[in-house]
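Reading the structure
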Amino acid sequence: MMKRILSFILVSAFLFASLSLEISAQIPNYEYNNEYSELLFSLDVLDSSELNGNPVTRAQFVKYAMKLAGIHISPYKGTEFKDVPNSHADYGYIMSAVDFGLISIAEYFRPDDTIAPTEALKIIVHLLGYDFMAASKGGYPTGYLQTAQTIDLSKGIDISVLTMSDYDVCALLYNALNVKLPEVSYTEEGNEYYIGTATILQKYRGIIEVTGIVDGVSHYSEYNVQGLGESRISINGTIYSTGSLNCDSLFGYDVVAYYDTKAKCLITCTPTDSNNVVSIYAEDIVSFKNGTFEYIDKDYRNKTLSIKPDSTIFYNGRLFNYNELKMLPESGSLTFVSPSGSGAYTTLYIKSYRTIVVSSVSASNKYYLADKYSSADVLVIDPNETEVIVTDQDG
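Residues numbered from 1 in each chain as written. Predicted model: local features only at pLDDT ≥ 70, side-chain atom pairs only at ≥ 80, totals over all residues. Heavy atoms only, no water.

Take the side chain of serine 218 next. Mapped onto the elements, serine 218 comes out in the loop between strand E5 (207–217) and strand E6 (220–221). Take serine 218: its relative accessible area is 9%, and that puts it in the buried class. Beyond its immediate chain neighbours, meaning those up to four positions away, serine 218 contacts Gln226, Gly227, Leu228, Gly229, Glu230, Ser231, Arg232 and Asp248. (Helix = DSSP H or I, 4+ residues; strand = E, 2+ residues; numbered from the N terminus. Buried < 20%, exposed > 50% of the residue type's maximum accessible area, 1.4 Å probe, protein only. Contact = heavy atoms within 4.5 Å.)

For the rest of this paragraph, the subject is the nonpolar core. Counting 57 residues, the largest nonpolar core has Ile124, Leu128 and Leu153 as its most contacted members. Of all the elements, helix H7 (residues 166–177) adds the most residues to this core, at eight residues. Contact partners of leucine 128, with chain neighbours within four places excluded, come to Ile151, Leu153, Ala176, Val179, Leu181, Pro182 and Ile200. In this structure, Tyr253, Val255, Leu266 and Cys269 belong to the second largest nonpolar core, which totals 20 residues. (Core = buried A, V, L, I, M, F, W, Y, C linked by side-chain atoms within 4.5 Å.)

Turning to the layout of surface pockets, a few remarks are in order. Its volume calculated, the second largest pocket comes out at about 310 Å³. What lines the second largest pocket is a set of 17 residues, among which Arg58, Leu102, Ile103, Ser104 and Ile123 lie closest to the centre. Counting residues per element, the lining of the second largest pocket draws most heavily on helix H4 (residues 117–128), at four residues. A breakdown of the residues in the lining of the second largest pocket according to their chemical character gives ten nonpolar, three polar and four charged. (1 Å grid on protein atoms, 1.4 Å probe; cavity = no way out; pocket = protein on both sides within 12 Å on 5 of 7 lines; lining within 4 Å. Points joined across faces, edges and corners; volume = space filled by probe spheres on them. Nonpolar A, V, L, I, M, F, W, Y, C, P; charged D, E, K, R; others polar.)

This brings us to the environment of serine 74. Relative to the helices and strands, serine 74 is located in the loop between helix H2 (58–69) and helix H3 (91–100). The class for serine 74 is buried, based on a relative accessible area of 18%. Residues serine 74 and serine 96, 22 residues apart in the sequence, show an inter-C-alpha distance of 5.5 Å. Filtering out sequence-adjacent residues up to four positions away, serine 74 remains in contact with Ser96 and Asp99.

Quick look at a nonpolar patch on the surface now. A contiguous nonpolar patch, built from Val286, Ile296 and Tyr300 and spanning about 330 Å² of accessible area, is present on the exposed surface. In this structure, isoleucine 296 sits in strand E13 (residues 292–296). The exposure class of isoleucine 296 is partly exposed, given its relative accessible area of 31%. (Patch = residues over 30% accessible without salt bridge, like charges linked within 9 Å, V, L, I, M, F, W, Y side chains within 5 Å. Areas by Shrake-Rupley, 256 points an atom, 1.4 Å probe, with all protein chains shown as cover. Salt bridge = Lys/Arg side-chain N within 4 Å of Asp/Glu carboxyl O.)

Per-chain confidence: the chain averages 83 in pLDDT, with 83% of residues scoring 70 or above. Taken together, the stretch residues 1–33 has pLDDT below 50 and engages in 104 contacts with residues farther than four places along the chain or on a different chain. Across residues 390–395, where pLDDT falls below 50, the model places eleven contacts with residues more than four positions away in sequence or in other chains. (pLDDT = per-residue confidence, 0-100.)

The subject of this paragraph is helix H1 (residues 35–42). Buried within H1 are the following residues: Ser37, Leu39 and Leu40. The buried residues of H1 occupy one face: seen down the axis, they fall within an arc of 165°. Against the buried residues of H1 lie H2, H7, helix H8 (200–205), strand E9 (254–260) and strand E10 (265–271). Immediately downstream of H1, the backbone of aspartate 44 shows phi near 65°, a positive value. (Arc of directions from axis to C-beta.)

This part takes up the pattern of salt bridges. Taken as a whole and judged by the stated rule, the model has eight salt bridges. For the salt bridge of glutamate 107 with lysine 82, the shortest nitrogen-to-oxygen distance reads 2.6 Å. Within this pair, whereas glutamate 107 is found in the loop between H3 and H4, its partner lysine 82 is found in the loop between H2 and H3, the two being separated by 25 residues in sequence. For arginine 301, the salt bridge goes to aspartate 299, with nearest N and O atoms at 3.3 Å. A cluster of three or more residues bridged by salt bridges with shared partners is formed by Arg58, Arg110, Asp113 and Glu119.

Across all of its chains, the model carries 17 aromatic pairs by this definition. Arranged with centres 5.1 Å apart and planes meeting at 35°, the rings of tyrosine 315 and phenylalanine 320 form a pair that is tilted. Judged by relative accessible area, which is 24%, tyrosine 315 ranks as partly exposed. With relative accessibility at 17%, the residue phenylalanine 320 sits in the buried group. It is arginine 58 that lies over the ring of phenylalanine 109; its NZ or CZ is 4.6 Å from the centre. Just above the ring of tyrosine 144 sits the side chain of lysine 122; from NZ or CZ to the centre is 5.2 Å. (Phe/Tyr/Trp six-rings, centres within 6.5 Å; stacked < 30°, edge-to-face > 60°. Lys NZ or Arg CZ within 6 Å of the ring centre and 35° of its normal.)

Dropping the structure here:
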């Protein structure tokens, strides 16, 4: 049984209304879940509480690098740095990084200083095994910066700044996960290094990247209107288990996902920035005719959006057949989705709700709720639904 969410707002007894919308009227720059952070969270490299735009310290970055590589933390009891006592929160990570060769022994480590891009890139270049390339390009710092650029490690990062924020570090760590690791060929003339085909994710964690358009979810599929069943998704025709992820709202989106070949399920699945997504409030719609919506945008200008009769439409989470007379909810929102490169809006999500104040609950039918102000207005809850979410007026 597909899930339907009813939103309830408590007023006196109960006031039934919609979930608070997480959109602003006509927002073309739809906020996607950050694919960088979602993947790093799922791998336990970063914690969501650590992303707030603050500078990252040297100690923090070493911890992230060690967790990225899954390197075992050594049970040290002594110390190599005068400013890193055994009681330091990241002591184990720092000393294990010394043992692994990521950082060198010195009198002081300066754990609480913010890390510079050149320092961070050097550590990750070494972690990935590209020291040979950095050395051939002049060593630290120029050789490491050039190597980082060659292997796309510094993509999307401003290396001209003096310190790195946790957002920049998040991007750097994500880039590192997708860098092709070097391989070595042993010959009589000496060792020959070249860029291989495997990444850290593939080689050490058994995780592969999956990209494409979602063409099937639990309750609906392009190949089966009954859907794929619970916890399943189809991306470009290939079906995957979603594990604990809820991907039902991603139909029609271009996504990047990561599949764990050991657990045999996706660990993340997020829309890419290449989707064109527009969300508008139902109250802003002026008219709908022949597949075209006319609405007023945030600057009070009249605009239009069009869909085709063969577009996939979901009405409150359920598949909905195109009907000109039912395309305008009194209250709610409409979200138009155009995956990368398609041009046209191929998927439409309609959220519709109404508000009633419950005066009573039927004694003979506990799923039947009467409106306090209108005898004609009632709400009947489907007893076969698997999930009902109750919220107060604050959402």
